[in-house]
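# Observations on the three-dimensional arrangement
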Amino acid sequence: MSRLGFIGLVLASAPVAAQDSVGTVWSYDTPDTHVRVDVVATGLTAPVGLSFLPDGRLLVADRPVGALSVLDLTTRTRTPIDGVPPVHGKIDGGLLDVLASPDWIYLALAIEVPGGNTTVVDRAHLVDGHLTGRQRLFTARPVIPNSNEFGARLVLTHDILFVSLGQRNLPENAQDLRSDLGKIIRLRPDGGIPPTNPFVHVRGALPEIWSYGHRNPVGLSVDPANGTLWEHEHGPQGGDEVNIIRRGRNYGWPVITYGVEYGGKPIGRGLTHHQGMEQPVFYYNPDIAPSGMMLYTGDRFPRWRGNLFIGALALRFLDRLDVEHDRVLHEERLFEDRKWKVRAVQQGPDGAIYLGVDGGMVLRLTPG
């Protein structure tokens, strides 16, 4: 597996609050594409999750306040949805992701429980603006008394639900198969354990684990053409990674990393390679604090078909990675001039690209 690092300058500018109103439109040119950018919603806080309902309306998860709403893109009106359970919204917590299927709405949330906080996955039906029949499918173990690095992203493909879970600021969790933390887990849509999971018959290991050795994975996307599961995760100071997730593999944290401790000291023995541990397909130095991920398969931007799009919170842009199999051929950083913290990236049924950005906006990208 090849890898590629990128060296760039850290932008030290302060956050810029979004000032654009619904209906604001502007153009953005790249070397090969002319893009129209359209503000379709405002008034949010940190729209971390976007998912389309079968009728074309867009679900929006607003992370720290734990609010779910539905956006009608024709009228550009946004309606709150009732029935989301209370969230633990401090630091990295809140309503972490939303995923719509034809029958269910799936939610990933950070919640308070006796002894601390944890990540859970629920599903419910959406009826007339209310979540009904809510079921708890999964609760991450162990419970931790902090508010850091919950993950979490949801992907549903071929009746399999993947969930990414952060290490919760405790690196030892990532290599411990008795812990869900620092893992990608694999469930049936009803929360059951698929019998083909790699650790089902390993004594002491949690059967839901699909891969391990992750730090804080907050991006998941599947390529429908071949089933490849792409992931990205936060490194410490440097070393944000893009990975292809494979059954039972160990992705190395905290034994290997391309990052360092905050302040510059090596992590552990300072290793970047170790036998039996996977190398990233791509990594970032300095770190970009990735958030959200999408593999584009639409027709509206034919030159971008098959590319990965990743939001960046620290350096504030939308990253485009031109990938081929397990290699990154080219990186392009979009909208650096806007200084957006891009939280969510989603392809619409219309082939447009939708972004959720801090400052409260949802944006639609179409060809100019």
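Just so it is clear, the model here is predicted, and its values are computed rather than measured.

Glancing now at the sheet that holds strand β8 (residues 95–100). Hydrogen bonds between backbone atoms are what pair the strands of a sheet, whose relative direction is either parallel or antiparallel. Ordered in space as β8-β9-β10-β11, the four strands form an open sheet in which the pairing is antiparallel. Bordering the open sheet on either side are β8 and β11 (130–139), each of which pairs with just one other strand. Across the sheet, the mean angle from the axis of one strand to that of its neighbour is 30 degrees, orientation sign disregarded. The sheet contact formed by β8 and strand β9 (residues 105–113) spans five bridges and is antiparallel. Looking at β9, one finds that V98 is bridged to L107.

Where burial is concerned, most of strand β25 (residues 353–357) is hidden: five out of the five residues are buried. The side-chain alternation of β25 yields two buried faces, one formed by I353, L355 and V357 and the other by Y354 and G356. As paired elements, strand β24 (residues 342–347) and β25 share five bridges and run antiparallel to each other. Each bridged residue has a counterpart across the sheet, and for Q346 the counterpart in β25 is Y354. Where β24 hands over to β25, the hairpin turn is made up of five residues, of which G351 adopts a positive phi near 80 degrees. Of the pairings in the sheet, the one linking β25 to strand β26 (residues 361–367) comprises five bridges and is antiparallel in character.

Read from one edge of the open sheet, five strands run β2-β3-β26-β25-β24, paired in antiparallel fashion. Each end of this open sheet is capped by a strand with a single partner; those strands are β2 (25–29) and β24. Pairs of neighbouring strands in the sheet enclose a mean axial angle of 25 degrees, with direction left out of account. The pairing of strand β3 (residues 34–41) with β26 spans six bridges and is antiparallel. Its bridge partner being in β26, V39 is matched across the sheet by L363.

Reading guide: rules and limits
- Residues numbered from 1 in each chain as written.
- Predicted model: local features only at pLDDT ≥ 70, side-chain atom pairs only at ≥ 80, totals over all residues.
- Heavy atoms only, no water.
- Pairing = 2+ DSSP bridges.
- Helix = DSSP H or I, 4+ residues; strand = E, 2+ residues; numbered from the N terminus.
- Axes fitted to C-alpha atoms, helices over the stretch in contact; angles between N-to-C directions.
- Buried < 20%, exposed > 50% of the residue type's maximum accessible area, 1.4 Å probe, protein only.

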